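Structural overview for review
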Amino acid sequence: MASKSDNIDALVADAGDDLLVLLTEYIRTIAYKSGWPANYISNMKVSMTDDSTIYVDPNPDMQEDIDDLEYGNLNALPNAAIRPFILRAPDVIEQFIEEKILPKLLVELGVL
Amino acid sequence: MGNPFIIAEDLALKTLVQGMTVKDDNNQNRPVKVWFGYPDVEIRTQDFPFVTIDLIDIVPANDRQTSGILVDTDNRGTQAPVAGYSYEYRIPVAYDLVYQVSSYCRHPRHDRAIMFQLMNKFPSKFGYLIVPNELGTENSSRTMFLDGFVKRDAVDGETGNRRLLRNVLSVRVISEMTPAQADNAIKNVEYVHINNTTSSIPSGYHPVH
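Conventions and cut-offs
- Residues numbered from 1 in each chain as written.
- Chains lettered and ligands numbered in written order.
- Predicted model: local features only at pLDDT ≥ 70, side-chain atom pairs only at ≥ 80, totals over all residues.
- Heavy atoms only, no water.
- Contact = heavy atoms within 4.5 Å.
- Buried area = accessible area lost by both parts, 1.4 Å probe.
- Salt bridge = Lys/Arg side-chain N within 4 Å of Asp/Glu carboxyl O.
- Polar contact = N/O pair within 3.5 Å; in protein donor to acceptor, adjacent residues only side chain to side chain.
- Helix = DSSP H or I, 4+ residues; strand = E, 2+ residues; numbered from the N terminus.
- Patch = residues over 30% accessible without salt bridge, like charges linked within 9 Å, V, L, I, M, F, W, Y side chains within 5 Å.
- Areas by Shrake-Rupley, 256 points an atom, 1.4 Å probe, with all protein chains shown as cover.
- Buried < 20%, exposed > 50% of the residue type's maximum accessible area, 1.4 Å probe, protein only.
- Bend = angle between axes of the 7 residues up to and from the residue.

Some details on the interface of chain A and chain B
- Contacts between the two partners involve 18 residues from chain A and, on the opposite side, 24 residues from chain B.
- Three residues stand out in chain A for area buried against chain B, namely Y71, L74 and L87 of chain A, and they jointly supply 41% of the buried area on that side.
- Linking chain A with chain B are four salt bridges.
- Ionic pairing is found between D57 of chain B and R88 of chain A, a salt bridge with its closest N-O pair at 2.4 Å.
- Put simply, chain A and chain B have seven residue pairs in polar contact (both at pLDDT 80 or more) between them.
- Elements with a contribution of two residues or more to the side of chain A that touches chain B: α3 (63-71) and α4 (82-108) of chain A.

So, in structure tokens, the structure goes:
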């Protein structure tokens, strides 16, 4: 039988995966609204390092083009998507923790 | 009269950035022009170095939003004060305005000189932007953050195989929009015209008398 600690670890791990899916959808939505071409949008994703740092993780083959979209170049104005995502992501994460993680965690801990 | 939300910050930022100069063998006092967005190709070919300012995002600043009613005598600097008269209004809506400030030049020495000057104008989290109120009677000092710096040099393709030295700064300016500005953006309904022609009324409906 799994211990309470195991259950909490599993809950947090599952929540981490769900959060990355949510954030990936979110950055793709912003990129779409910023007018990015579809092939670049679908190659944007949000990942997490082993020490739980969340980062924007585009397809490396497209890095240069994505930087041009984000910052503009001599021929095109900037269509920022990554920076707006970074500014807004904390609110999304906060809401996710509040609605999706905290209730389950409180149940698991026996508070609710 | 001064300028309202966003336009005031745009102009204040341009005022802050413009006035830079760089040196080289041909010109000891070469001005660095400042543009909103990109200048036309012909202009930018002739006028390196230059700086561009782009508003790239407007973010609701929920973390510093409060609510309530304020009272003053000049409606937050938008109306000339009249003795014995005061204004009452809701607390403004907090926003962060996010700008991209980009510098473009061909000469490495220009690049470093511009970089130095920009870093002095945007000193990390210690920057501030002086923004006049709409009456032009007072200024506010807005906290301004340098959120990011990226080197985006290029040597081929877009530059016609000439080197292009480019710096990109992401700058966040705190701001707020008064409810009055939001209200002014909505047109009031002044007339309601009722069509009293009684033809073409769908079955089941009756004309208004």
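From this point, the narrative continues.
Some details on a nonpolar patch on the surface
All names here are of chain A.
- Nonpolar side chains collect at one region of the surface, where V107, L109, V111 and L112 lie side by side and expose about 400 Å² of accessible area between them.
- Checked against the element boundaries, V111 lands in the segment after α4.
- On the basis of relative accessibility, which here comes to 55%, the residue V111 falls in the exposed class.

Observations concerning α4 of chain A
Residue and element names in this part refer to chain A.
- Its maximal kink placed at R88, α4 deviates by approximately 45°, while the proline P90 follows within four residues.
- Taken together, the buried positions of α4 are I82, R83, P84, F85, A89, V92, F96 and I101.
- With its phi angle positive at about 80°, G110 sits one or two positions after the end of α4.

Examining the pattern of salt bridges
- Counted under the stated rule, the structure contains 15 salt bridges over all chains.
- A salt bridge links D57 of chain A to K45 of chain A; the nearest nitrogen and oxygen atoms lie 3.9 Å apart. With D57 of chain A in the loop between β2 (54-56) and α3 and K45 of chain A in the loop between α2 (38-41) and β1 (46-48), this pair connects stretches of sequence that are twelve residues apart.
- Notably, a salt bridge pairs R83 of chain A with E70 of chain A, separated by 2.8 Å at the nearest N-O pair. Remark: E70 of chain A occurs in helix α3 and R83 of chain A occurs in helix α4; sequence separation between them is 13 residues. Take R83 of chain A and E70 of chain A: they sit in the same class, and that class is buried.
- Several salt bridges share partner residues, and in doing so they unite E64, D67 and D68 of chain A together with R152 of chain B into one network.

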